[in-house]
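Single-letter residue listing:
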2 protein chains.
Amino acid sequence: MRATTIHAPGDIRLSDVPDPTIEAPTDAIVRVVAGCICGSDLWPYRGANPIEAGSTIGHEAVGVVEEIGADVRTIKKGDFVVIPFVHCDNTCPHCLAGMTSVCDHQGWTESGQAELVRVNQADGSLVATDGLPDDALIPSLLTLADVMATGWHAAVSSRVRPGGTAVVIGDGAVGLCGVIAAKELGAERIVAMSRHEPRQALAREFGATHVVAERDDAGVEAIMDLTGGIGADSVLECVGTDQSMKTAFRIGRPGSTVGFVGAPHGVELPVRQMFVRNVGLAGGMAPVRTYLPDLLARVVDGRIDPGKVFDLTLPLEQVAEGYRAMDERRAVKVLLRP
Amino acid sequence: MRATTIHAPGDIRLSDVPDPTIEAPTDAIVRVVAGCICGSDLWPYRGANPIEAGSTIGHEAVGVVEEIGADVRTIKKGDFVVIPFVHCDNTCPHCLAGMTSVCDHQGWTESGQAELVRVNQADGSLVATDGLPDDALIPSLLTLADVMATGWHAAVSSRVRPGGTAVVIGDGAVGLCGVIAAKELGAERIVAMSRHEPRQALAREFGATHVVAERDDAGVEAIMDLTGGIGADSVLECVGTDQSMKTAFRIGRPGSTVGFVGAPHGVELPVRQMFVRNVGLAGGMAPVRTYLPDLLARVVDGRIDPGKVFDLTLPLEQVAEGYRAMDERRAVKVLLRP
């Protein structure tokens with residue numbers, strides 16, 4: 001099949017690789033209808049994560065089940081499915097407690113920017129739509145594989161509550177989905193910290209009531225001004241750098257929780273400050289499967305439209321251009337059609 | 001008055017110092033009936049915190065109000081009061097949100113091992129008992145100034161829940177009070193991590209259902225064995241060292257929260273592990289005043305008896321011996337009578 005591979009920082013190619021096959025009787029093979037590029041794919045692209053030259057990349061996809069293993073019971077060939085980027089059995093104690101991203105049978109989507117994906121624990125991992133979805137729904141369904149569920153996890157972890165003030169740090173797709181989540185969970189004031197005009201506009205469309213373009217000291221000051229010097233009830237940290245995390249702990253009000261979902265890069269948590277100000281930290285890799293049924297219903301009902309984060313659609317052949325567009329911040333998020 | 005002063009690591013003296021006086025109209029002066037030595041007093045005693053030579057030390061006390069400022073309205077001369085180690089107005093937005101330890105008018109007990117204490121924001125800070133308490137209640141009332149409320153904060157922050165498994169790291173007075181708190185909040189299994197037989201016995205008396213004497217890898221293994229490999233629902237971190245914190249994040253189950261209340265010393269939080277395992281951190285300096293009315297009722301009703309953490313009572317003159325006894329772990333906690 002054709003699949004996206006990474007060979008060195010900045011070196012993204014569409015390559016011919018062997019088709020994935022059923023390796024365990026609980027596996028399924030899904031033919032990708034749409035995949036996309038994640039902000040986290042930019043870490044290796046920019047040389048910030050180690051690269052195994054020639055390995056496939058991409059972990060977000062939706063598609064149609066093409067083949068199932070002998071032990072797959074509920075998922076059928078022909079089902080249109082959302083593939084959570086972390087696979088899970090959905091029956092182990094962690095899954096039953098809602099922590100499907102830490103499943104005892106954890107697996108991963110390894111070729112989301114490709115024609116085919118192997119899914120481990122297909123019955124546990126996959127959620128099928130009711131029939132083939134309308135093409136217009138595809139982008140929003142695709143966000144459920146990662147970014148919308150991840151933004152949701154930030155909001156849940158930071159305990160967004162009705163009537164509260166939520167600040168979203170990060171205007172990438174996850175941050176923008178965090179705005180949607182904060183709104184759905186009832187936050188009255190939603191502040192998007194964003195310096196980019198088109199992203200600010202999308203944040204407002206998604207429910208942000210305020211935009212703060214400043215960063216660091218000036219950004220903290222702006223949030224403190226907005227909250228009467230008290231700080232935010234919830235902070236959604238959707239970046240994962242030391243700078244953004246430090247800001248998060250300064251703007252959360254005492255007793256609040258920073259919800260973090262960006263894989264931490266170079267972060268040193270300010271434990272002393274957390275202690276003195278009683279600002280906690282929760283979150284981590286999102287339990288996508290846990291949130292999927294609820295989020296799928298919200299998308300199908302038209303209640304949320306996270307697919308708007310895709311501002312560039314390319315054929316899979318142009319995946320390298322997709323990476324460049326995201327790296328240069330010309331695109332928020334790139335959808336790829338095989 | 002006579003007050004305990006610290007001059008260098010290991011150098012504790014009872015000195016003559018000027019009486020504290022009303023400095024602001026919201027102050028009160030309390031004559032100490034009982035004070036005590038805190039585990040955190042051992043940090044400077046052992047040279048782990050900087051020392052201002054000759055400064056008073058001690059932040060836990062109960063006593064009788066001797067003098068009030070012109071603006072003090074609800075607290076009266078002659079009231080027997082518990083003095084939270086952090087003073088607060090109990091009216092600012094942080095106080096109203098339950099975060100009295102981060103009050104806009106934060107103040108501190110600066111001479112708890114002495115004859116007199118100045119209390120800032122007396123109306124906000126102090127909680128008076130209904131008449132003079134029976135002498136037998138004094139030790140338990142004294143724990144409400146810090147350790148019982150701090151153990152409670154660990155339990156609340158780690159979201160102890162009915163039927164759950166709570167692990168308490170640390171067998172000092174705060175950890176032992178954490179056991180009481182976990183029991184009161186309904187934990188079904190309470191594991192005290194303790195290597196010291198008398199403390200293990202007290203932990204069991206307070207409600208611990210299990211004791212784990214091992215530390216580090218062996219301790220983690222013991223907790224995993226106890227929880228069927230899942231980890232604890234709640235971890236109360238009542239020490240504050242890097243070693244104990246690292247253990248805490250290994251034994252909390254995915255989705256759980258480590259409640260920390262020991263002032264962190266040399267702690268580097270394992271942010272990557274927290275992310276991957278979705279184990280959060282909450283807590284900090286305990287909002288003692290917030291919990292006081294509830295805890296006072298539990299003590300007066302005889303429902304809890306945290307005063308048992310005091311296993312040595314000395315006259316104030318022998319405060320230096322009290323420090324030695326705690327430093328050498330001959331005593332869990334030392335009560336001082338002026």
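Within each chain, residue numbers correspond to sequence positions counted from 1 in written order. Chain letters and ligand numbers both follow the written order, the letters beginning at A and the numbers at 1. In keeping with the model being predicted, local features are shown solely for residues with a pLDDT of at least 70 and side-chain atom pairs are shown and tallied solely at 80 or more, while totals for entire chains, interfaces and linings include all residues. Just so you know, side-chain values use all the structure's heavy atoms and leave hydrogens and water out.

1. Some words on the UniProt feature "domain: Enoyl reductase (ER)" (unreviewed entry) in chain A
Right, on to step 1. UniProt positions are given in the numbering used here, feature names are shortened, and annotations may be inferred rather than shown by experiment. When the UniProt feature table is mapped to this numbering, "domain: Enoyl reductase (ER)" (unreviewed entry) covers residues 7-336 of chain A.
Right, on to step 2. Secondary structure elements are taken from DSSP: a helix is a run of H or I of four residues or more, a strand is a run of E of two residues or more, and numbering for both begins at the N terminus. Secondary structure over residues 7-336 of chain A splits into 31% helix and 25% strand, and the C-alpha atoms at its two ends are 20 Å apart.

2. Looking at the domain arrangement of chain A
Residue and element names in this part refer to chain A.
Right, on to step 1. Assigned domains within chain A: domain 1 (2-146 + 287-337) and domain 2 (148-283).
Right, on to step 2. Residue ranges assigned to the domains are those given by an automatic or database domain assignment. Once you take the C-alpha centre of each, domain 1 and domain 2 turn out to be 26 Å apart.
Right, on to step 3. Summing both sides of the interface, domain 1 and domain 2 together bury roughly 1900 Å²; the carbon and sulfur share of this comes to 63%.
Right, on to step 4. Salt bridge criterion: a side-chain nitrogen from Lys or Arg within 4 Å of a carboxyl oxygen from Asp or Glu. Counting the contacts that link domain 1 with domain 2 gives four salt bridges.
Right, on to step 5. Between E184 and R298 there is a salt bridge, and its shortest N-O distance comes to 2.7 Å.
Right, on to step 6. Here a polar contact is recorded for every N or O atom pair within 3.5 Å, except that within protein the pair must consist of a potential hydrogen donor and a potential acceptor, and residues adjacent in sequence are included only if both atoms are side-chain atoms. Here domain 1 is connected to domain 2 by twelve residue pairs in polar contact (both at pLDDT 80 or more).
Right, on to step 7. Ranked by the residues each element gives to the side of domain 1 that touches domain 2, the list is headed by helix 11 (residues 288-300), at five residues. Accessible area that two parts lose when put together, with a 1.4 Å probe and added across both, is what the buried area reports.

3. Considering the environment of D41(B)
All names here are of chain B.
Right, on to step 1. Summarising the element assignment, D41 is placed in the loop between strand 3 (28-36) and helix 1 (42-45).
Right, on to step 2. Measuring from C-alpha to C-alpha, the distance between D41 and G131 comes to 31 Å, with 90 residues separating the pair along the chain.
Right, on to step 3. When checking whether two residues touch, look at their non-hydrogen atoms; a contact exists if any pair is within 4.5 Å. When residues no more than four places from it in sequence are discounted, the contact partners of D41 are C36, I57, G58, H59, Q113 and Y323.

4. So, the pairing of strand 2 (residues 11-16) of chain A
Residue and element names in this part refer to chain A.
Right, on to step 1. In this structure, strand 1 (residues 2-8) lies alongside strand 2, joined through six bridges in antiparallel fashion. Its bridge partner lying in strand 2, R2 is registered against D16.
Right, on to step 2. For two strands to pair, DSSP has to find at least two bridges joining them. Two successive antiparallel strands, strand 1 and strand 2, enclose a turn made up of two residues, where G10 displays a positive phi of approximately 80 degrees.

5. Some points on the packing of aromatic side chains
Residues and elements named next belong to chain B.
Right, on to step 1. Centres within 6.5 Å are what make two rings of Phe, Tyr or Trp a pair, Trp counting through its six-membered ring; a difference in plane orientation under 30 degrees is then read as stacked, over 60 as edge-to-face, and the rest as tilted. According to the stated counting rule, one finds six aromatic pairs over all chains in the structure shown.
Right, on to step 2. Ring plane angle 35 degrees and centroid distance 5.2 Å describe the contact between Y45 and Y323, whose orientation is recorded as tilted. On the criterion of sequence distance, the pair formed by Y45 in helix 1 and Y323 in helix 12 (residues 319-327) is long-range, its members being 278 residues apart.
Right, on to step 3. The class for Y45 is buried, based on a relative accessible area of 9%.
Right, on to step 4. Partly exposed residues are those whose accessible area sits between 20% and 50% of the maximum for their type, while under 20% is buried and over 50% is exposed, using a 1.4 Å probe and protein chains only. Look at Y323 and you get buried, because its relative accessible area is 0%.

6. Here we look at the sheet that holds strand 4 (residues 55-56) of chain A
Right, on to step 1. The three strands are arranged 2-1-4 (chain A) in an open sheet whose pairing can be described as antiparallel. The open sheet has two edge strands with one neighbour each: strand 2 and strand 4 of chain A.

7. A few points about unusual backbone geometry
Right, on to step 1. The phi dihedral of D216(A) is positive, around 45 degrees, even though this residue is not glycine.
Right, on to step 2. Relative to the assigned elements, D216(A) resides in helix 8 (residues 216-226).
Right, on to step 3. Not every positive phi belongs to a glycine, and N278(B) is a case in point at roughly 55 degrees.
Right, on to step 4. Considering the arrangement of structural elements, one finds N278(B) in the loop between helix 10 (271-277) and strand 16 (280-283).
Right, on to step 5. Of the residues examined, N278(B) reaches a relative accessible area of 3% and is grouped as buried.

8. Considering the relation of the copies chain B and chain A
Right, on to step 1. Fitting of the copies onto one another was done by least squares over C-alpha atoms, counting residues only where both copies have pLDDT of at least 70. Laying chain B over chain A is done by rotating through 180 degrees and shifting 0.0 Å along the axis; what remains is an RMSD of 0.0 Å. Read as a symmetry element, the transformation amounts to a two-fold axis. Residues of chain B ranked by C-alpha distance from the rotation axis are headed by L281(B), positioned 2.6 Å from it.
Right, on to step 2. Both copies present the same face, since 100% of the interface residues in chain B are matched by interface residues at the equivalent positions in chain A.

9. What about the interface of chain B and chain A?
Right, on to step 1. Each partner contributes to the interface: chain B provides 32 residues, whereas chain A provides 32 residues.
Right, on to step 2. Between chain B and chain A, a total of about 2800 Å² is buried, with carbon and sulfur atoms accounting for 69% of that surface.
Right, on to step 3. Area buried by chain B at its contact with chain A is led by V271(B), F275(B) and N278(B), which between them contribute 24% of it.
Right, on to step 4. Viewed at the interface, chain A and chain B are joined by zero salt bridges.
Right, on to step 5. Those elements that provide at least two residues to the side of chain B that touches chain A are helix 2 (93-96), strand 15 (252-260), helix 10 and strand 16 of chain B.
Right, on to step 6. Ranked by residues supplied to the side of chain B that touches chain A, first place goes to helix 10 of chain B with six residues.

10. Describing the nonpolar core
Right, on to step 1. L269(A) and L269(B) are the most contacted members of the largest nonpolar core, which totals 156 residues.
Right, on to step 2. Leave out the neighbours within four places in its chain, and L269(A) touches M245(A), F249(A), M274(A), L281(A), L269(B), V271(B) and M274(B). We call a set of buried Ala, Val, Leu, Ile, Met, Phe, Trp, Tyr and Cys residues a nonpolar core when their side-chain atoms join them within 4.5 Å.

11. A closer look at the sheet that holds strand 2 (residues 11-16) of chain B
Residues and elements named next belong to chain B.
Right, on to step 1. In spatial order, the strands read 2-1-4; together these three strands make up an open sheet with antiparallel pairing. Sheet topology places strand 2 and strand 4 (55-56) at the edges, where each strand pairs with a single neighbour.
Right, on to step 2. The pairing of strand 1 (residues 2-8) with strand 4 spans two bridges and is classified as antiparallel. In the sheet register, T5 faces strand 4, and the bridge partner there is T56.
Right, on to step 3. Interaxial angle, 0 to 180 degrees, is taken between N-to-C directions of lines fitted to C-alpha atoms, where a helix line uses only the stretch in contact. Together, strand 1 and strand 2 form the strand contacts of helix 12, whose direction differs from that of strand 2 by roughly 155 degrees.

12. A short note on the packing of helix 8 (residues 216-226) of chain B against helix 9 (residues 242-251) of chain B
All names here are of chain B.
Right, on to step 1. The contact between helix 8 and helix 9 brings their axes to 10 Å, and the two run at 30 degrees. On the basis of their axis angle, the class for helix 8 and helix 9 is roughly parallel. Every pair of crossing elements has a handedness; the one defined by helix 8 and helix 9 is right-handed. Residue-level contacts link D216, D217, V220, I223 and M224 of helix 8 to Q243, T247, R250 and I251 of helix 9.
Right, on to step 2. The residue makeup of the contact of helix 8 with helix 9, split by class, is four nonpolar, two polar and three charged. Angles below 35 degrees are treated as roughly parallel, those above 145 as roughly antiparallel, those between 65 and 115 as roughly perpendicular, and all remaining angles as oblique. In this scheme the handedness of a crossing depends on how the near helix is turned from the far one: anticlockwise by less than a right angle means left-handed, clockwise means right-handed. Residue type decides the class: Asp, Glu, Lys and Arg count as charged, Ala, Val, Leu, Ile, Met, Phe, Trp, Tyr, Cys and Pro as nonpolar, and the leftover types, Gly among them, as polar.

13. Some thoughts on the state of the cysteines
All names here are of chain B.
Right, on to step 1. Disulfides are defined in this document as cysteine sulfur pairs within 2.5 Å. Under the criterion given, the structure shown has zero disulfides over all chains.
Right, on to step 2. Lacking any disulfide linkage, C38 is separated from the closest cysteine sulfur, that of C36, by 7.2 Å.
Right, on to step 3. Residue classification places C38 among the buried residues on the basis of a relative accessible area of 5%.
Right, on to step 4. Unpaired in this structure, C238 has its nearest cysteine sulfur neighbour in C177, at a distance of 9.1 Å.

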